[in-house]
Amino acid sequence: MDQRQRAARLLERLEAELNCLGLWQNDCPAPHELQSSEPFAVDKLDFHQWLQFIMLPRMWDMIDGEHPLPQNIAVSPMAAHVYRHELENHEGLITILREFDVVLSGADPLAEDV
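Since this is a predicted model, take the numbers as computed values, not measurements. (Residues numbered from 1 in each chain as written. Predicted model: local features only at pLDDT ≥ 70, side-chain atom pairs only at ≥ 80, totals over all residues. Heavy atoms only, no water.)

1. Overview of the layout of surface pockets
Of the voids in this model, the largest pocket is the one considered here, and its volume is about 250 Å³. Forming the walls of the largest pocket are 16 residues, and the residues nearest its centre are Phe-40, Trp-50, Ile-54, Met-55 and Arg-58. By residue class, the composition of the lining of the largest pocket is 13 nonpolar, 1 polar and 2 charged. (1 Å grid on protein atoms, 1.4 Å probe; cavity = no way out; pocket = protein on both sides within 12 Å on 5 of 7 lines; lining within 4 Å. Points joined across faces, edges and corners; volume = space filled by probe spheres on them. Nonpolar A, V, L, I, M, F, W, Y, C, P; charged D, E, K, R; others polar.)

2. Some points on the pattern of salt bridges
Across all of its chains, the model carries 1 salt bridge by this definition. Salt-bridge contacts for Glu-99 lead to Arg-13; the nearest nitrogen and oxygen are separated by 2.9 Å. Remark: Arg-13 occurs in helix H1 (residues 3-20) and Glu-99 occurs in helix H4 (residues 87-105); sequence separation between them is 86 residues. (Salt bridge = Lys/Arg side-chain N within 4 Å of Asp/Glu carboxyl O. Helix = DSSP H or I, 4+ residues; strand = E, 2+ residues; numbered from the N terminus.)

3. Side note on the environment of Asp-101
Assignment of secondary structure puts Asp-101 in helix H4. A relative accessible area of 0% means that Asp-101 is categorised as buried. Sequence separation between Asp-101 and His-85 is 16 residues, and the spatial gap between their C-alpha atoms is 22 Å. (Buried < 20%, exposed > 50% of the residue type's maximum accessible area, 1.4 Å probe, protein only.)

4. Describing the packing of H1 against helix H2 (residues 47-64)
Packed helices, taken two at a time, are described by the angle between their axes plus the distance between the axes. Between H1 and H2, the least distance of the axes is 11 Å, while the angle of their chain directions is 155 degrees. Relative to H2, the element H1 is oriented roughly antiparallel. Seen along the crossing, H1 lies across H2 with a hand that is left-handed. For the pair formed by H1 and H2, the contact residues are Arg-4, Ala-7, Ala-8, Leu-11, Glu-12, Leu-14, Glu-15 and Leu-18 on the first element and His-48, Leu-51, Met-55, Leu-56, Met-59, Trp-60, Met-62 and Ile-63 on the second. Looking at the contact of H1 with H2 residue by residue, the class counts come to 12 nonpolar, 1 polar and 3 charged. (Axes fitted to C-alpha atoms, helices over the stretch in contact; angles between N-to-C directions. Parallel < 35°, antiparallel > 145°, perpendicular 65-115°, else oblique. Left-handed = near helix turned anticlockwise from the far one by under 90°. Contact = heavy atoms within 4.5 Å.)

5. Quick notes on the nonpolar core
If you look at the biggest cluster of nonpolar residues, it comprises 32 residues, and the most contacted ones within it are Phe-47, Trp-50, Leu-51 and Met-55. Mapped by element, the contributors of at least two residues to this core are H1, H2, helix H3 (76-82) and H4. Looking at which element gives the most residues to this core, the answer is H2, with 9 residues. Setting aside chain neighbours within four positions, we find Met-55 in contact with Leu-11, Leu-14, Trp-50, Val-75, Leu-97 and Phe-100. (Core = buried A, V, L, I, M, F, W, Y, C linked by side-chain atoms within 4.5 Å.)

6. What to know about the packing of H2 against H4
Where H2 contacts H4, the two axes come as close as 14 Å, and the packing angle between them is 35 degrees. By crossing handedness, the relation of H2 to H4 is classed as left-handed. Residues Phe-47, Leu-51, Met-55 and Met-59 of H2 lie in contact with H4, whose contacting residues are Leu-93, Leu-97, Phe-100 and Leu-104. Residue composition of the contact of H2 with H4, grouped by class: 8 nonpolar, no polar and no charged.

This is the structure we're talking about:
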């Protein structure tokens, strides 16, 4: 399975995990809430909203349009930070994002330096 196929499967798992956690939203935030210059749109969106309404659509566009995928991505550290007080409940989400980081970047951003 190539990188694009592995990334697509992880995006599908991410969508399912957000749904299982009750974080998937049917209504999209207002357009101005999707316009942020801050990393992860922290000034306008919750992290799960950023995943659903910004990251997922952009990644699907890249995959479906056969555009080059990012080669340096580290989303899982932000997820670990956001859910640090609820790690047990969000472990699956963080794991999927960690796998996604590894598939695109080839490195594990949560691995401790040895």
